[in-house]
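# A structural walkthrough
Okay, here's what each chain looks like letter by letter:
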Amino acid sequence: MNAAPAVPAIRVADIRKSFQDLEVLRGVDLEVARGSVFALLGSNGAGKTTLIRILSTLLRADGGTAEIDGHDVATDSAEVRAAISLTGQFAAVDGQLSGRENLVLIARLRHQRDPGAIADALLARFDLTEAAGRKVATYSGGMRRRLDIAMSLIGSPSVVFLDEPTTGLDPQSRLEVWATVRGLADGGTTVLLTTQTLDEAEHLADRIAILHEGRILVEGALDELQRVLPVAEPVHVAQQPSLEDVFLALVGDQRSSKETAA
Amino acid sequence: MTATAMSVPGAPARTRFFADSAVLTGRSLRHILRSPDTIITTAIMPVAFMLLFVFVLGGAIDAGSDSYVRYQLPGILLITVASGISYTAYRLFLDMQSGIFERFQSMPIARSSVLWAHVLTSLVANLVSLVIVVGVALLIGFRSGAGVLAWLAVAGIMVLFTLALTWLAVIPGLTAKSVEGASAFSYPLIFLPLVSSAFVPTDSMPGPVRWFAEVQPVTPIVNTLRALLEERPVGGDIWIALAWVLGILVASILGTTAAYRRRIA
């Protein structure tokens, strides 16, 4: 971290973007503190992906400014790309290559000194060592996502964007991704994630913003957001296990059964 | 994480461009090695055309040449490249679809190296296909007394032609909405040599067709290649051919830049 501690990891001011007549972002403001997990919550078409694409220098905004670690995404895009890593909505992996080859490829592009060692360490960390030599096209959805996130961590980016990281994953894989995100935050990485599911934001994020029709409706920590509504009346209900508890209890929480199923 | 300590501090932009292009070219060459059928299918169609022209139609064609195999080979070589470059559009389209193109674009690498890697891969794949086609031509009786310099000139023109058409193929690769759209653009390119001096002399054609055959780029390129293989002077055709090839190359690179900008803007 070379930027002064006072500089937020992500600062977005009045960002606007339209596609033809469709106004997707209508003046978005937000700040993400260094080392925190920030969830951008919104339904389909709210503009989450558009904002992520602007922050990761894949799309130019029509107006407003956005900075990563104090670098403007429009004018210092090379510095921004050196600081960030993007995990897009669909696992951006190379199906023709093996898992290990995918990691080595990214490590070489990030000019790391020992790509093979980095790949092996990440394969072990993400429980992919057994599948390392197999073509990624044969991986399950959860394995692809784990590899995808592993690829994003090479070169130790200080800011990681995760665009709907658990969409389409089974419950176990989702819990694995959650554990990874918490691990990243514990290691000091700033995480900006988008999600459509409320409990994901609730479980992971230090702060949550609700993006709706191109604007941030409300932003704050979970308890601050809860104060938006009047205090709930206490209601006595017998605590039933959730369907998720049942599912996980029945299929078991081990990964080994899933690996061979792929 | 361990990676921090190992990162190499910012290399100069130019060495980064070459290093990144090399890494990414290695990646797509690996794709080809894992599905060598793409090179073989690229070579099969022009070989079939060649057999058709030499053994079925050739006997009835009065090309005024002592060897029809040699006469039609330049056109077949151009058809080989025209069909081969559709795989570049296809592979690039798949990169766009899978999101890996955006992953590369969001990384601290030389951005153009992602496209150059596809172009260099196309060059290698097409040269292999061309060698296969020339090999088959030798088997069915192609002979040329052309010297090293003439062959180098043939190779140089084919490399430029492949580069020009590959950059043209990058545009549908970047902009297509479907796999079919990404490769369909090459069909007219495969067709063009049929309406040129590649297989029959243009003066046998009726007026408007002959006019089209003589102004379109394939005819001067074919005439140049044929003159080189037949050990005749190339005359003015080589300059018209080079002007066409370089013109297509520059226009395609400009088109690619525009298509790329539209995606980012």
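Residues numbered from 1 in each chain as written. Chains lettered and ligands numbered in written order. Predicted model: local features only at pLDDT ≥ 70, side-chain atom pairs only at ≥ 80, totals over all residues. Heavy atoms only, no water.

## Overview of the overall build of chain A
The secondary structure content of chain A amounts to 10 helices and 10 strands. On C-alpha atoms alone, chain A measures out to a radius of gyration of 19 Å, which is about the 18 Å that the 2.2 N^0.38 rule sets for 262 residues. Sequence separation of 24 or more characterises 68% of the internal contacts of chain A that already satisfy a separation of 6 or more. Per element, the accessible surface of chain A, about 12200 Å² overall, is 52% carbon and sulfur. (Helix = DSSP H or I, 4+ residues; strand = E, 2+ residues; numbered from the N terminus. Rg over C-alpha atoms; globule rule 2.2 N^0.38 Å. Contact = heavy atoms within 4.5 Å. Areas by Shrake-Rupley, 256 points an atom, 1.4 Å probe, with all protein chains shown as cover.)

## Considerations on the nonpolar core
Of all hydrophobic cores here, the largest spans 115 residues; its most connected members are Leu103(A), Phe104(B), Met158(B) and Leu174(B). Looking at this core element by element, the count peaks at 12 residues for helix α8 (residues 148–175) of chain B. Formed by 30 residues, the second largest nonpolar core is a distinct cluster that contains Ala66(A), Phe161(A), Leu192(A) and Leu211(A). (Core = buried A, V, L, I, M, F, W, Y, C linked by side-chain atoms within 4.5 Å. Buried < 20%, exposed > 50% of the residue type's maximum accessible area, 1.4 Å probe, protein only.)

## Quick look at helix α1 (residues 48–55) of chain A
All names here are of chain A. Taking burial as the measure, the 8 residues of α1 include 7 buried ones, the bulk of the element. Buried within α1 we find Lys48, Thr50, Leu51, Ile52, Arg53, Ile54 and Leu55. Looking one or two residues beyond α1, the residue adopting positive phi is Thr57, at roughly 65 degrees.

## Points about the packing of helix α7 (residues 113–139) of chain B against α8(B)
Residues and elements named next belong to chain B. Taken N-terminus to C-terminus, the directions of α7 and α8 make an angle of 130 degrees; their axes are 9 Å apart at the nearest point. For the element pair α7 / α8, the angle class is oblique. The handedness of the crossing between α7 and α8 is right-handed. On the side of α7, the interface is formed by Leu115, Trp116, Val119, Ser122, Leu123, Asn126, Leu127 and Leu130, while α8 contributes Met158, Val159, Thr162, Leu163, Thr166, Trp167, Val170 and Leu174. (Axes fitted to C-alpha atoms, helices over the stretch in contact; angles between N-to-C directions. Parallel < 35°, antiparallel > 145°, perpendicular 65-115°, else oblique. Left-handed = near helix turned anticlockwise from the far one by under 90°.)

## Focus: unusual backbone geometry
Leaving glycine out, the prevailing phi sign among residues is negative, and the prevailing peptide bond configuration is trans. Residue and element names in this part refer to chain A. If you check the backbone angles, Asp69 has positive phi at about 50 degrees while not being a glycine. Looking at the element boundaries, Asp69 is found in the loop between β4 (63–68) and β5 (71–72). The class for Asp69 is buried, based on a relative accessible area of 10%. Unusually for a residue other than glycine, Glu164 sits at a positive phi of about 45 degrees. Relative to the helices and strands, Glu164 is located in the loop between β7 (159–163) and α6 (171–186).

## Points about the side chain of Thr256(B)
Mapped onto the fold, Thr256(B) is located in helix α13 (residues 237–264). Discounting chain neighbours no more than four positions away, the residues touching Thr256(B) are Leu115(B), Trp167(B), Val170(B), Ile171(B) and Leu174(B).

## As for the confidence of the model for chain B
This prediction gives chain B a mean pLDDT of 88; 95% of its residues lie at or above 70. Under a pLDDT of 50 for its full length, residues 1–9 of chain B has, in the predicted model, 18 contacts with residues more than four places off or in other chains. (pLDDT = per-residue confidence, 0-100.)

## Structural notes on the confidence of the model for chain A
Residue and element names in this part refer to chain A. Taken as a whole, chain A shows an average pLDDT of 86; of its residues, 90% reach a score of 70 or greater. Within chain A, helix α3 (residues 99–109) carries the highest mean pLDDT (96), whereas helix α10 (residues 256–261) carries the lowest (45). A low-confidence stretch, residues 256–262 stays under pLDDT 50, and its non-local contacts, those more than four residues away or across chains, total 14 contacts.

## Considering the interface of chain A and chain B
Where interface size is given, it is often the accessible area lost as the parts come together that is meant. With 40 residues of chain A at the interface, the matching set in chain B holds 31 residues. Of the roughly 3300 Å² buried between chain A and chain B on both sides combined, carbon and sulfur atoms contribute 57%. Taken together, the connections running from chain A to chain B amount to 5 salt bridges. Residues Glu101(A) and Arg30(B) are paired through a salt bridge, measuring 2.9 Å at the closest nitrogen-oxygen approach. For the interface between chain A and chain B, the tally reads 11 residue pairs in polar contact (both at pLDDT 80 or more). Taken together, the elements giving at least two residues each to the side of chain A that touches chain B come down to α2 (77–83), β6 (84–87), α3, α4 (115–125) and α5 (141–153) of chain A. (Buried area = accessible area lost by both parts, 1.4 Å probe. Salt bridge = Lys/Arg side-chain N within 4 Å of Asp/Glu carboxyl O. Polar contact = N/O pair within 3.5 Å; in protein donor to acceptor, adjacent residues only side chain to side chain.)

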